[in-house]
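Structural overview for review
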Amino acid sequence: MTHPDHTILCAAPMQGFTEAVWRHAHDSVYADGLRYFSPFLRIDKGVVRSRDLRDITSPLNSPFRLTPQIIFRDTFEFSTLVRAVTEAGFSAIDLNLGCPFPPQCHRGRGAAMIARTDVMSQVAELMRDMPHITFSVKMRLGLRDSDEWHPLIDILNRIPNLSHITVHPRTASQQYSGQLHLTGFAAILDSSAHPVIFNGDITTPQQISDLIQDYPAIAGIMIGRGLLMRPSLICEWRDHTEWDHTRRMQHIIRTHRIILDHNSRTLCGDSQIIAKTRPFWDYLEQEIGRKQWKAIRKATTLPAYLSATQ
């Protein structure tokens, strides 16, 4: 497996999964030098959601590198979110132009913004007037058409304080299924004036090496669901070897224990503790087996949950 030292390695933001306690536990156990991105902050009833701000200001966000991500539909939401994030002490911000979920797209946010070049042109002007902030973008190829990205790239290419673009080579209408449009990704790689990071369907260490070999110009790799399915993925790639199941499970149990201990200290009652901790297992059915996975999902008391996770 190839292993260029300059490759940027990132954990993708995923709502309900990669909040502060997961980031803290993952970094504590694997210490693989990942860059972490927060699930997107958004405006709710005219103000930044308080729970989003609590996530990025949590003391659990140390010592690893965290970049907050924001999602917006106009310049007001963009400016409000940027102000909140910078006041929280951050100087790097990721823009979500890739969320495929209809509740966000129907409001003009996420992947819908790819086609809203009038708004993005206004946002780009604001970004250029903020040289003290380093921005990045996570995007898809389009809302419904895999060629919708062309006008957006022209806008992004003119933003000097844009550090990189992360591309998930699907359309929003595909959600997370269907074929990756690798031709579209290669075209963005050729067209972008900024470094490009690949995101999408990475589940094995060998796939990371294959991508670097196939696209030597890429700046890095971002992994979302693959990291929830196999938390040791980056460590295995760095080790140039795939871990056996026993070793993977030992690290998974340690990671879960950190999350469970934190939630047990900070939450009240079995229901809250289980509700916040159980998502850790959602993508791990292949590792732990369907019988144990179903037992975890059915547990309604802490003793039952603890028994199922042993």
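The present account deals with the structure reproduced in this document.

**As for the overall build of the chain**
Of regular secondary structure, the chain possesses 15 helices and 11 strands. For 310 residues, the compact-globule estimate of 2.2 N^0.38 gives 19 Å, and the C-alpha radius of gyration of the chain, at 19 Å, lies within 12% of that figure. Taking the principal axes of the C-alpha coordinates as reference, the chain spans close to 55 × 45 × 35 Å. Across the 310 residues that make up the chain, the buried fraction comes to 54%. Counting every atom, the chain has about 13700 Å² of accessible surface; 50% of that belongs to carbon and sulfur. In the chain, the 34 positive side-chain charges and the 31 negative ones have mean positions that sit 8 Å from each other.

**Observations concerning the packing of helix H3 (residues 75–87) against helix H5 (residues 117–128)**
Taken N-terminus to C-terminus, the directions of H3 and H5 make an angle of 30 degrees; their axes are 10 Å apart at the nearest point. Taken together, the axes of H3 and H5 lie roughly parallel to each other. Note on packing geometry: the crossing formed by H3 with H5 is right-handed. Seen from H3, the contacting residues are Thr 75, Phe 78 and Ser 79; seen from H5, they are Gln 122, Val 123, Leu 126 and Met 127. Looking at the contact of H3 with H5 residue by residue, the classes come out as 4 nonpolar, 3 polar and no charged.

**A short note on the sheet that holds strand S1 (residues 8–11)**
Here we have 9 strands laid out as an open sheet, ordered S5-S2-S1-S11-S10-S9-S8-S7-S6, and parallel in their pairing. For this open sheet the edge positions go to strand S5 (65–67) and strand S6 (69–70), each flanked by a neighbour on one side alone. Sheet analysis places strand S2 (residues 35–37) next to S5, joined by 3 bridges and oriented parallel. Its bridge partner lying in S5, Phe 37 is registered against Thr 67.

The rules behind each value
Residues numbered from 1 in each chain as written. Predicted model: local features only at pLDDT ≥ 70, side-chain atom pairs only at ≥ 80, totals over all residues. Heavy atoms only, no water. Helix = DSSP H or I, 4+ residues; strand = E, 2+ residues; numbered from the N terminus. Rg over C-alpha atoms; globule rule 2.2 N^0.38 Å. Buried < 20%, exposed > 50% of the residue type's maximum accessible area, 1.4 Å probe, protein only. Areas by Shrake-Rupley, 256 points an atom, 1.4 Å probe, with all protein chains shown as cover. Lys, Arg positive; Asp, Glu negative; His and termini not counted. Charge placed at Lys NZ, Arg CZ, Asp CG, Glu CD. Axes fitted to C-alpha atoms, helices over the stretch in contact; angles between N-to-C directions. Parallel < 35°, antiparallel > 145°, perpendicular 65-115°, else oblique. Left-handed = near helix turned anticlockwise from the far one by under 90°. Contact = heavy atoms within 4.5 Å. Nonpolar A, V, L, I, M, F, W, Y, C, P; charged D, E, K, R; others polar. Pairing = 2+ DSSP bridges.

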